[in-house]
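Structural overview for review
Each chain is listed here by its residues.
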Amino acid sequence: MPRIRVTKRFDFEMAHALLAYNGVCKNVHGHTYELEVTLIGDAKNEPGHPEDGMVMDFGQLKNIVNTKIIQVFDHALVINALTPAPQKEALALTTERLTVLGFQPTSENLVTYFAGILQQEIPSNVSLFSLRLYETKTSFAEWFASDNQ
């Protein structure tokens, strides 16, 4: 049975600020992110089964990504846990969706974080092959399982 890769795209809006960054990205600003999730596996070979011919039902993948990533990060303001407490408190007054992470919220760190989340959630009969996180139309970070084993 041939190995097949399937990819699903997701969009979400998120704001962030890069702590102590030497440039304008130290300020709170937002992006329209695009996340591409690619799985690899064998297509089900069970004639008569509703998922015959599928690596994974796209609806199931959509549910996982929406629940674990999109619903958490869409329209959130994401900051580094090292942000000084007075600044965190001030930002918390501006939004109901402040997310504090233990790392600088760069595309590189976010795509790695998302990979860790998804690896825990996808069924054991498929594997996470790669993620691509676009921060802008021309800039993205990629994560590949083969680079991280």
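Attention in this report is confined to the structure presented alongside it. (Residues numbered from 1 in each chain as written. Predicted model: local features only at pLDDT ≥ 70, side-chain atom pairs only at ≥ 80, totals over all residues. Heavy atoms only, no water.)

Observations regarding the pairing of strand β6 (residues 139–144)
Here is the rule we go by: One requirement defines pairing of two strands: DSSP has to find at least two bridges between them. Only DSSP runs of H or I covering at least 4 residues are called helices, and only runs of E covering at least 2 are called strands; the numbering of each starts at the N terminus.
Relative to β6, strand β5 (residues 126–136) is paired through six bridges, and the arrangement is antiparallel. Directly across from L133, in β6, lies its bridge partner A141. Hairpin connection between β5 and β6: a loop of two residues separates the two successive antiparallel strands.

Let's talk about helix α1 (residues 58–73)
Where we set the bar: A residue's bend is the angle separating two fitted axes: one through the seven residues that end there, the other through the seven that start there. Burial classification: accessible surface area is computed with a 1.4 Å probe over protein chains only, and a residue below 20% of its type maximum counts as buried, one above 50% as exposed, and the rest as partly exposed. By the criterion applied in these results, polar contacts are pairs of N or O atoms within 3.5 Å in which, for protein atoms, one can donate a hydrogen and the other can accept it, and in which residues neighboring in sequence qualify only through two side-chain atoms.
At N66, α1 shows its largest bend, some 45 degrees. Listed in full, the buried residues belonging to α1 are L61, I64, V65, I69, I70 and F73. Regarding α1, its N-cap is D57, as a side-chain oxygen of that residue lies 2.5 Å from the backbone nitrogen of G59 further along. Directly after α1, the chain includes H75, whose backbone phi takes a positive value near 60 degrees.

Observations concerning the environment of L82
Relative to the assigned elements, L82 resides in the loop between β3 (76–80) and α2 (85–92). In this structure L82 comes out as exposed when scored by relative accessible area, which is 66%. For L82 and Q104, which are 22 residues apart along the polypeptide, the C-alpha to C-alpha distance reads 8.7 Å.

What to know about the pattern of salt bridges
What counts, and what does not: In what follows, salt bridge is the name for a side-chain nitrogen of Lys or Arg lying within 4 Å of a carboxyl oxygen of Asp or Glu.
If you walk through the whole model with that rule in mind, you get six salt bridges. One salt bridge in this structure joins R9 and E34, with 3.6 Å as the shortest N-O distance. A residue pair is termed long-range when its members are at least 10 positions apart, and R9 in strand β1 (residues 3–16) and E34 in strand β2 (residues 29–42) qualify at 25 residues. Ionic pairing is found between E36 and R9, a salt bridge with its closest N-O pair at 2.9 Å. Taken as a pair, E36 in strand β2 and R9 in strand β1 lie far apart in primary sequence, 27 residues in all. Of the residues examined, E36 reaches a relative accessible area of 12% and is grouped as buried. The network of salt bridges with common partners includes R9, E34 and E36.

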